[in-house]
Amino acid sequence: MPSHDGAAAAVLALNAETSGEVIDEAHPEYDDARRVWNAMIDRRPAAVLRAAGEDDIAAAIRCSIEHGIPLAVRGGGHSVAGNGTVDGGIVLDLSALSAVDVDADRSLVRIGGGATLAQVDAATEPHGLAVPLGVVSATGVGGLTLGGGMGWLTRPYGLSIDNLVSARVVTASGKVVEADEQQNPELFWGLRGGGGNFGVVSSFTFRAHPLPRPLYAGNLVYTPRTWDTALAAYATWTETLPNELNSILTFITPPPHWEMGTDPLMIVGFVWAGEDQNVGEALIADLRAAAPPEMEEVEPTTWTGWQSAVDELFPKGVRAYWRNSALKHLSPEVQEILLRRAAEQTWQGTGFDIHHMGGAVARVPAGATAFPDRQSPYWLNIYGFWTDDGDDGRNVGFVKALSGDIAPHAAPGRYVNFMGAEEPAAADPGTRSPDDTAVYRGEVFDRLTALKTELDPRNVFQLNHNVAPR
């Protein structure tokens, strides 16, 4: 724990040196300000600084170093690992830096480091544009992007980092720099998948893409009696899909407000991003013919409506534990594991998704960014979302058990945005083992370590899946 004297001095310095609001334990909003999305993470910082600009960001970094207390950086606060808070240190809250400026003529969007997906989608949709981001609209753009960023536009347009044009970064030295392909290109490389290891991003500039209006999207729903046929059909169907069709397959026990019964369900959600909706409809008809759904919700919708459709499952204050794996295939052996575990999961509060990857993601050469795996055609995310701490053992146990079962079939590396709170440091150059949680390896690991050593030799930015300096 940091010393009490150091923390008290840091709070005094923040009040003197910043224009943003400083919230310490005496402040009436302290308990609300210190909370993050994952209620399993309950920490008491010395202060939360709601930064008003880059000068405040630099001041928070300086106070952390000078007074010897840790620094946590919070964008949307949606990190499942709880990286946006810390005991006895400074929480740098970027939520006030949430402006979204759309240059529709150039299809560019400049986004403040504290903005959420909902704020971005609301700004871009009137222009018929979308930035490829995530699937829950309360998620912060910053953390999502720095880890890679996968969502409903991954196959047609790539990861969020593949659409990042530039970033404005406050480094550990307090210096503000621009990072893009020409300016500070090595930092730009590290920001794209290397997490929050290298600085605080005060703003991002993204390339946006046109979306059909209305959007052709929907869900095909299967009950347990048809799962084996439907999962096998999905595995075959996804082998030849064009990039314009993005899908996520989910196994989940529906919450009451869905009004879909109490049995666990398999749901194939999809978004068609192509110009000709008839092509998308024909592709969905192919899956429907191979595996007729028992229910379906397929109708024109809006981008903001689709992006926020599952927000209710993940409200602030749920308890959460996640794990993930890249999958080289959906072989019969993998399907058997998924079906068996899905059938066991008959309660509300856990689930798992299979993100169909490939497309634009796989076109980017390995090593061009720090993202760990671009060639695996599927990514499995196993997650929990519950409210009662009495359910912790069962639900965490389910996530760990499925993760352990799938490990022999998984590709090396993990996705930092889907990693649980207790998983160890992500960077590990060693040999892969069945329970390995390493993300970065080989030349990518060495390159990230060198960049970290250059920009953050004191490891000021360590509350993340940390790449330690040499």
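Since this is a predicted model, take the numbers as computed values, not measurements. (Residues numbered from 1 in each chain as written. Predicted model: local features only at pLDDT ≥ 70, side-chain atom pairs only at ≥ 80, totals over all residues. Heavy atoms only, no water.)

Chemist: Now, about helix α4 (residues 117-124): what can you tell me, with residues and values included?
Modeler: What α4 keeps buried is the set Leu117, Val120, Asp121 and Thr124. Each buried residue of α4 sits inside an arc of 95 degrees when the element is viewed along its axis, so together they form one side. Its buried side turned inward, α4 meets β5 (100-103), β6 (108-112), β7 (129-130), α5 (141-147) and α10 (303-307). (Buried < 20%, exposed > 50% of the residue type's maximum accessible area, 1.4 Å probe, protein only. Helix = DSSP H or I, 4+ residues; strand = E, 2+ residues; numbered from the N terminus. Arc of directions from axis to C-beta. Contact = heavy atoms within 4.5 Å.)

Chemist: How would you summarise the environment of Gln307 if you had to cite specific residues and measurements?
Modeler: As for its placement among the helices and strands, Gln307 is situated in helix α10. The exposure class of Gln307 is buried, given its relative accessible area of 1%. In this structure, the C-alpha to C-alpha distance between Gln307 and Ser137, residues 170 residues apart in sequence, is 6.0 Å. At 3.2 Å, the side chain of Gln307 and the backbone oxygen of Gly134 are in polar contact. (Polar contact = N/O pair within 3.5 Å; in protein donor to acceptor, adjacent residues only side chain to side chain.)

Chemist: Describe in detail the packing of helix α11 (residues 332-344) against helix α13 (residues 392-406), supporting the description with residues and values.
Modeler: Viewed as axis vectors pointing N to C, α11 and α13 meet at an angle of 165 degrees, and their least axial separation amounts to 10 Å. Here α11 lies roughly antiparallel to α13, going by the angle between them. Here α11 runs over α13; the crossing is right-handed. From α11, Val334, Ile337, Leu338, Arg340 and Arg341 reach across to α13, where they touch Phe398, Ala401, Leu402, Asp405 and Ile406. Residue composition of the contact of α11 with α13, grouped by class: seven nonpolar, no polar and three charged. (Axes fitted to C-alpha atoms, helices over the stretch in contact; angles between N-to-C directions. Parallel < 35°, antiparallel > 145°, perpendicular 65-115°, else oblique. Left-handed = near helix turned anticlockwise from the far one by under 90°. Nonpolar A, V, L, I, M, F, W, Y, C, P; charged D, E, K, R; others polar.)

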